[in-house]
Amino acid sequence: MNLDKIDIPFEPPLKEPARQYYFIEKCAQYVKAESERLGRPLFSAVKTFGCQMNAHDSERLRGILLQMGFEESENEASDFVLYNTCTVRDNANQKVYGHLGYLKTIKKKNPHMKIALCGCMMQEKAVIERIKNSYPFVDLIFGTHNVFKLAELLYNCLTKDSMVIDIWDSGDIAVEALPSKRKYSFKSGVNIMYGCNNFCSYCIVPYVRGRERSRMPGEILSEIEALACDGVKEVMLLGQNVNSYGKTLKEPVSFASLLRQVCQIPGVERIRFMTSHPKDLSDELIETMRDCPKVCRHLHLPLQSGSSRILNLMNRRYTKEQYLELAGRIQKAIPNISLTTDIIVGFPGETEEDFAETLDVVTRVRYDSAFTFIYSKRTGTPAAAMENQVPEAVVKERFDRLLCQVQKISSQVCMRYAGTVQKVLVECENDHQIGYVSGRLDNNLLVHFPGDASLVGKLVNVKLTEAKGFYYIGKMAENS
Ligand code: 5AD
Ligand code: SF4
């Protein structure tokens with residue numbers, strides 16, 4: 001059908017977000033006409049690869065699609081399929097290519113379907129070339145800086161037969177005032193900044209997400225106020241390096257000061273944030289976490305390596321001793337804080353002695369949990385050009401040893417609340433056990449306990465009766 005015949009009585013506005021609402025309306029009329037023609041709703045599926053930031057972007061993409069009249073589906077055999085991709089490690093890329101192979105067979109059977117790709121992986125030129133050459137059935141590609149343009153791009157895609165590609169090399173602050181469909185009604189991510197300036201030598205993020213940009217505090221606070229009015233009790237402040245939030249604003253604001261302002265918002269009961277870089281973590285932040293009960297007692301503090309020599313090669317700008325001193329200071333100021341981390345095994349030149357230093361930090365800090373990664377060579381990063389890439393078998397053996405140590409400590413540490421009463425934010429009814437619900441402690445650990453759907457979204461007191469290693473079984477306490 002001819003989309004331009006759809007009558008919207010004005011030209012597309014030039015200003016955002018009005019422009020995108022115009023295209024949402026155009027697409028909505030298309031969706032309506034198509035569903036009438038087919039005698040069924042049109043379905044869209046958004047699949048997310050990667051981190052919390054991508055998950056948050058996907059909520060916004062879903063919101064736009066819902067506004068157009070698409071029905072949400074998990075099934076990749078949908079009328080519109082969108083993959084929000086990640087490229088932080090090569091296995092994330094391989095997964096996307098694997099899924100594309102599968103989509104090709106589906107599209108053969110349903111030639112009308114539209115396939116779109118967006119997110120970090122699309123910011124790499126080599127990826128775009130590969131898709132153009134080997135996956136010509138893809139209809140639309142966009143990147144990390146123009147996620148908000150989905151409606152306009154989808155409209156272009158529906159009116160053209162060739163692949164639509166729109167990748168920006170950089171971006172200012174994203175357009176946030178667009179619809180969003182939250183996975184949970186009671187918790188939400190909130191972007192406070194975009195990009196990263198740290199250029200850790202192994203990491204591709206600064207190249208695909210661009211330079212660090214902080215949103216204005218007023219905008220962030222208004223967004224959270226609106227979320228709170230909509231029933232959100234827990235917010236997760238998102239940025240690649242939240243500890244340097246606000247430093248580049250015309251009137252600089254510290255992250256700790258933003259956090260204290262978020263604490264003032266009525267209705268918001270829990271505040272989390274992700275991710276902290278150890279080199280930028282201030283005493284002001286430690287004090288704020290200690291003094292503000294709404295700020296969760298959980299800090300994700302990526303270590304990456306325990307060897308000062310490797311940390312230097314990684315361009316992390318702290319030493320093993322500085323990290324240990326910082327972790328100790330945090331644990332002393334905020335007893336019972338949950339520390340979690342990211343660790344990379346097999347960075348170029350890593351020796352057995354370097355690896356032993358990593359194990360040593362893990363043993364001393366006693367993390368609640370650690371995400372452990374095998375080093376992945378990312379083209380274009382300084383580490384990719386380093387000599388002494390560690391043989392795969394050596395890395396694998398170290399990785400297994402690290403995982404074993406991390407899990408042993410974590411199963412001990414996580415159980416420290418056994419027998420106590422803790423606040424739990426109930427997330428859902430339990431899939432496996434009828435009559436049970438599942439929720440999270442302030443340190444993000446899962447708790448399952450008897451309850452029904454009426455508890456979902458509520459903060460209740462739960463006695464943690466059984467410690468199960470990485471989760472608890474509990475019982476609602478009298479005073480809930
Ligand atoms: N290889 C392995 N892990 C990586 N990370 C980032 N880049 C790489 C890479 N090239 C990990 C870091 C980071 C987390 C999000 O991903 O540990 O903290
Ligand atoms: Fe990557 Fe380092 Fe930036 Fe984190 S701080 S996104 S690891 S460059």
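Residues numbered from 1 in each chain as written. Chains lettered and ligands numbered in written order. Predicted model: local features only at pLDDT ≥ 70, side-chain atom pairs only at ≥ 80, totals over all residues. Heavy atoms only, no water.

Brief notes about the overall build of the chain
1) Next: A count of helices and strands for the chain gives 13 helices and 19 strands.
2) Next: Radius of gyration (C-alpha) of the chain: 24 Å, near the 23 Å computed for a compact globule of 480 residues.
3) Next: In terms of overall dimensions, the chain has a C-alpha envelope of 65 × 60 × 50 Å along the principal axes.
4) Next: Counting the 480 residues in the chain, one finds 55% classified as buried.
5) Next: Within the chain, contacts between residues separated by at least 24 positions form 72% of all contacts whose residues are at least 6 apart in sequence.
6) Next: Summed over its atoms, the accessible surface of the chain is roughly 21,600 Å², and 52% of this surface lies on carbon and sulfur atoms.
7) Next: Of the charged side chains in the chain, 61 are positive and 58 negative, and the gap between their average positions amounts to 2 Å. (Helix = DSSP H or I, 4+ residues; strand = E, 2+ residues; numbered from the N terminus. Rg over C-alpha atoms; globule rule 2.2 N^0.38 Å. Buried < 20%, exposed > 50% of the residue type's maximum accessible area, 1.4 Å probe, protein only. Contact = heavy atoms within 4.5 Å. Areas by Shrake-Rupley, 256 points an atom, 1.4 Å probe, with all protein chains shown as cover. Lys, Arg positive; Asp, Glu negative; His and termini not counted. Charge placed at Lys NZ, Arg CZ, Asp CG, Glu CD.)

Digging into the pattern of salt bridges
Working definition: two side chains of opposite charge can pair if their charged atoms are close together.
1) Next: Applying the stated criterion to the full structure yields 36 salt bridges.
2) Next: Two residues, Asp-139 and Lys-107, come together in a salt bridge whose shortest N-O distance is 2.7 Å. Residue Asp-139 is found in the loop between α4 (125–134) and β5 (140–142), and its partner Lys-107 is found in helix α3 (residues 90–109); the two are separated by 32 residues along the sequence.
3) Next: Several salt bridges share partner residues, and in doing so they unite Glu-350, Glu-352, Glu-397, Arg-398 and Arg-401 into one network. (Salt bridge = Lys/Arg side-chain N within 4 Å of Asp/Glu carboxyl O.)

Re the packing of helix α8 (residues 255–263) against helix α9 (residues 283–291)
How two helices pack is summed up by the angle between their axes together with the distance between the axes.
1) Next: The interhelical angle for the contact between α8 and α9, taken along N-to-C directions, is 20°, at an axis separation of 8 Å. Overall, the two elements α8 and α9 adopt an arrangement that is roughly parallel. At the point where α8 passes α9, the crossing takes the left-handed sense. Each of Phe-255, Ala-256, Ser-257, Leu-259 and Arg-260 in α8 lies in contact with α9, whose residues at this interface are Glu-284, Leu-285 and Thr-288.
2) Next: Taken together, the residues that form the contact of α8 with α9 break down as four nonpolar, two polar and two charged. (Axes fitted to C-alpha atoms, helices over the stretch in contact; angles between N-to-C directions. Parallel < 35°, antiparallel > 145°, perpendicular 65-115°, else oblique. Left-handed = near helix turned anticlockwise from the far one by under 90°. Nonpolar A, V, L, I, M, F, W, Y, C, P; charged D, E, K, R; others polar.)

A short note on the pairing of strand β17 (residues 446–450)
1) Next: In this structure, strand β16 (residues 436–440) lies alongside β17, joined through five bridges in antiparallel fashion. Along β17, the bridge assignment pairs Tyr-436 with Pro-450.
2) Next: Count of turn residues in the β16/β17 antiparallel hairpin: five residues, of which Asn-444 carries a positive phi of about 80°.
3) Next: The sheet contact formed by β17 and strand β19 (residues 471–476) spans three bridges and is parallel. (Pairing = 2+ DSSP bridges.)

Comments concerning the site of ligand 1
1) Next: Within the structure, ligand 1 sits among Val-88, Arg-89, Tyr-202, Gln-304, Asp-342, Ile-344, Phe-373, Ile-374, Tyr-375, Ser-376 and Arg-378.
2) Next: Between ligand 1 and Tyr-202, the relevant distance is 3.0 Å, taken from a nitrogen atom to a main-chain nitrogen or oxygen of the residue.
3) Next: Contact distances for ligand 1 include 2.7 Å between an oxygen atom and a side-chain N or O atom of Asp-342.
4) Next: Relative to its unbound accessible surface of 400 Å², ligand 1 loses 86% to contact with the protein.
5) Next: Contributions of two or more residues to the shell around ligand 1 are made by β13 (338–345) and β14 (369–374).
6) Next: Residue classes in the shell around ligand 1 are distributed as six nonpolar, two polar and three charged. (Near = heavy atom within 4 Å. Polar contact = N/O pair within 3.5 Å; in protein donor to acceptor, adjacent residues only side chain to side chain.)

Description of the nonpolar core
Grouped burial of nonpolar side chains is what soluble globular proteins tend to show.
1) Next: Counting residues in each nonpolar core, the largest one holds 71 residues, and the members touching the most others are Val-235, Leu-237, Phe-255, Phe-273 and Ile-330.
2) Next: With sequence-adjacent residues up to four places away left out, Phe-273 is seen in contact with Met-236, Leu-237, Val-242, Phe-255, Leu-259, Leu-285, Met-289, Val-295 and Leu-299.
3) Next: By size, the runner-up hydrophobic cluster in this structure holds 31 residues, among which are Phe-142, Tyr-155, Leu-158 and Val-175. (Core = buried A, V, L, I, M, F, W, Y, C linked by side-chain atoms within 4.5 Å.)

Observations concerning helix α13 (residues 392–413)
1) Next: The terminal C-alpha atoms of α13, which comprises 22 residues, lie 31 Å apart, in line with the 32 Å expected from a rise of 1.5 Å per residue.
2) Next: Those residues of α13 not exposed but buried are Val-395, Arg-398, Phe-399, Leu-402, Gln-405, Val-406, Ile-409, Ser-410 and Val-413. Summarising the axial view, the buried residues of α13 lie within an arc of 135°, below the 170-degree limit, and thus occupy one face. Exposed and facing more than 90 degrees away from the buried side of α13 are Ala-393 and Cys-404. (Expected span 1.5 Å × (residues − 1). Arc of directions from axis to C-beta.)

Points about the site of ligand 2
1) Next: With respect to spatial proximity, the complete set of residues near ligand 2 consists of Cys-196, Asn-198, Phe-199, Cys-200, Tyr-202, Cys-203, Val-205, Pro-206, Gln-240, His-277 and Arg-316.
2) Next: Of the residues that constitute the shell around ligand 2, the class distribution is seven nonpolar, three polar and one charged.

A short note on the packing of aromatic side chains
1) Next: Taken as a whole, this structure holds 13 aromatic pairs when the rule is applied.
2) Next: Between Tyr-184 and Phe-186, the ring centres sit 5.4 Å apart and the planes meet at 50°, which makes this aromatic pair tilted.
3) Next: Judged by relative accessible area, Phe-186 falls into the buried class, the value being 4%.
4) Next: Among the aromatic side chains, those forming a connected cluster through ring pairs are Tyr-22, Phe-23 and Tyr-155. (Phe/Tyr/Trp six-rings, centres within 6.5 Å; stacked < 30°, edge-to-face > 60°.)

Description of the sheet that holds strand β6 (residues 164–166)
The strands that make up a sheet are held in pairs by hydrogen bonds between backbone atoms, and each pair lies either parallel or antiparallel.
1) Next: Taken together, six strands build an open sheet; the order of strands is β2-β1-β3-β4-β5-β6 and the sheet is parallel. Each of the sheet's edge strands pairs with one partner strand only, and the pair in question is β2 (71–72) and β6.
2) Next: Relative to strand β3 (residues 80–85), strand β1 (residues 43–48) is paired through five bridges, and the arrangement is parallel. Across the sheet, residue Lys-47 finds its bridge partner in β3, namely Tyr-83.
3) Next: Contacting β1, β2, β3, β4 (114–119) and β5, helix α2 (residues 52–68) runs over the sheet at an angle of about 170° to β1.
4) Next: With respect to the sheet, helix α5 (residues 150–159) is in contact with β3, β4, β5 and β6, its orientation differing from that of β5 by roughly 150°.

Regarding unusual backbone geometry
1) Next: Look at the link from Glu-16 to Pro-17: it is a cis peptide, with omega at 0°.
2) Next: Following the sequence through the fold, Pro-17 ends up in the segment before α1 (18–38).
3) Next: In this model, Met-274 is joined to Thr-275 through a cis peptide bond whose omega is 0°.
4) Next: One can find Thr-275 in the loop between β11 (270–274) and α9.
5) Next: Of note in the backbone geometry, Phe-199 takes a positive phi value of approximately 50° without being a glycine.
6) Next: Of note, Phe-199 is situated in the loop between β8 (193–194) and α6 (205–209).

What about the state of the cysteines?
1) Next: For the structure shown, the criterion picks out zero disulfides.
2) Next: Its sulfur unpaired, Cys-118 is 9.3 Å from the next cysteine sulfur, which belongs to Cys-120. (Disulfide = S-S within 2.5 Å.)

A closer look at the sheet that holds strand β18 (residues 459–467)
1) Next: Pairing in this closed barrel of five strands is mixed, and the strands run β15-β16-β17-β19-β18 around the ring. Across the sheet, the axes of successive neighbouring strands diverge by a mean angle of 55°, strand direction being ignored.

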